[in-house]
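Coordinates in review
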Amino acid sequence: MIAETFKNSARILSGAVIAEAIKAEVAEEVRRLEKNYGFRPALTVVRVGEDQASAVYVGNKVKTSAELGIISEHRHLPLETSPAELLQIVEELNNRADIDGILVQLPLPKQIDESAILQKIDPEKDVDGFHPVNVGRLSQGQKSLVPCTPAGVIEILKRSNIEIAGKHAVIVGRSNIVGKPLAMLLLQENATVTICHSRTTNLAAMTSQADILIAAIGRAGLVRGEHIKQGATVIDVGINNVSDVELARELFDESELEKRLATIEKRGFTLVGDVNPKEAKAKAANFTPVPGGVGLLTVAMLMKNTVDAAKMRRKLN
Ligand code: NDP
């Protein structure tokens, strides 16, 4: 097997270290705002229904807010909440002067049209950066609230001293929450950007030209050695649950396999990205792990967006 000829070499880019640095900066800014202007930024997270992953994500957001001094409120609504009821809550939060950020946790139950709800959030409080006004501002290079995961990818690159300007960045995935906004951010940083998706013919021919390769697909280990240029930076946004022991054996080298198999046995699955880590570590110069990579940045950037929203609303620097 080709994979067996690979040898580990990549620098592992720790999301934990970078996320902690950003959170420390946010906490400092919250203290400064309170001292100089007498307020602390406030975030409301709205969750509808009982999706288990959403419950964990929201719990994390509320806990991190508290750690950084951001006031947070969690509104948990029943699964059968109607679109009108949710819209009314969004309206109420839009009108509350004490709330700086509103986040409606996705996915929403099937009776609710997500985009209709997201469009009702006041763009100035849209800390997820999904409102069309913020999407438009981002694409025109204006100051805006930027989606958290793509913003986190840029922070990882910059804070790891990876040059973006003039480099060829290839993104696999064109979703509104990751691929498209990330393309805009990379363009702003003067990368040459290619976006691939499920209809791209010969994916490897595209991705293997990338100096910076970003996978945001939702398919465990889809990006393999053949997709990666020797010495590239590989950023893995994907989060997938893998319970198949054979697949785990293909994805992990001896340094990790035993731990992963134990996790599958204990929890029924292990978290895996969209990139085959064994093969990426051998070919890439820099690589983000899953877990412990981009995922940790998402919450940190949400905190930063909440503080930015609070300052923008009050026209503070
Ligand atoms: P979506 O399902 O919305 O988009 C997936 C994209 O991948 C689509 O553009 C799709 O193409 C493309 N795609 C699917 N299969 C292939 C294939 N075989 N070859 C090439 N492209 C393909 O996913 P998201 O953008 O929401 O999320 C992507 C991943 O990132 C997921 O694993 C998700 O869990 C993770 N994620 C992680 C976050 C974090 O905090 N780390 C936050 C958000 C997401 P097409 O458009 O043609 O269908």
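Everything that follows concerns the structure shown earlier in this document.
Criteria and cut-off values
Residues numbered from 1 in each chain as written. Predicted model: local features only at pLDDT ≥ 70, side-chain atom pairs only at ≥ 80, totals over all residues. Heavy atoms only, no water. Axes fitted to C-alpha atoms, helices over the stretch in contact; angles between N-to-C directions. Helix = DSSP H or I, 4+ residues; strand = E, 2+ residues; numbered from the N terminus. Parallel < 35°, antiparallel > 145°, perpendicular 65-115°, else oblique. Contact = heavy atoms within 4.5 Å. Near = heavy atom within 4 Å. Polar contact = N/O pair within 3.5 Å; in protein donor to acceptor, adjacent residues only side chain to side chain. Areas by Shrake-Rupley, 256 points an atom, 1.4 Å probe, with all protein chains shown as cover. Expected span 1.5 Å × (residues − 1). Buried < 20%, exposed > 50% of the residue type's maximum accessible area, 1.4 Å probe, protein only.

**Describing the packing of helix α1 (residues 15-37) against helix α2 (residues 52-68)**
- The interhelical angle for the contact between α1 and α2, taken along N-to-C directions, is 55°, at an axis separation of 9 Å. Taken together, the axes of α1 and α2 lie oblique to each other. Side by side, α1 and α2 meet where Lys 23, Val 26, Ala 27 and Val 30 of the first sit next to Thr 64, Glu 67 and Leu 68 of the second.

**Let's talk about the site of the ligand**
- Near the ligand there are 22 residues, and of these Arg 174, Ser 175, Ser 198, Ile 239 and Thr 298 occur at the shortest range.
- Within the side chain of Arg 174, an N or O atom sits 2.7 Å from an oxygen atom of the ligand.
- Between the ligand and the protein, one listed contact pairs an oxygen atom with a side-chain N or O atom of Ser 198 at 2.6 Å.
- Against a free-state accessible area of 930 Å², the protein chains account for coverage of 70% of the ligand.

**Brief notes about helix α6 (residues 148-159)**
- Taking 1.5 Å per residue as the helical rise, α6 with its 12 residues ought to reach 16 Å, and the 16 Å between its terminal C-alpha atoms agrees with that figure.
- Counting buried positions along α6 gives 10 out of 12 residues, so the element sits mostly inside the fold.
- Among the residues of α6, Cys 148, Thr 149, Pro 150, Ala 151, Gly 152, Val 153, Ile 154, Glu 155, Ile 156 and Leu 157 are the ones counted as buried.
- Elements in contact with the buried residues of α6: α1, α7 (179-188), β7 (212-215), β8 (233-236) and α12 (294-313).
- Two residues or fewer after α6 comes Asn 161, characterised by a positive phi angle close to 60°.

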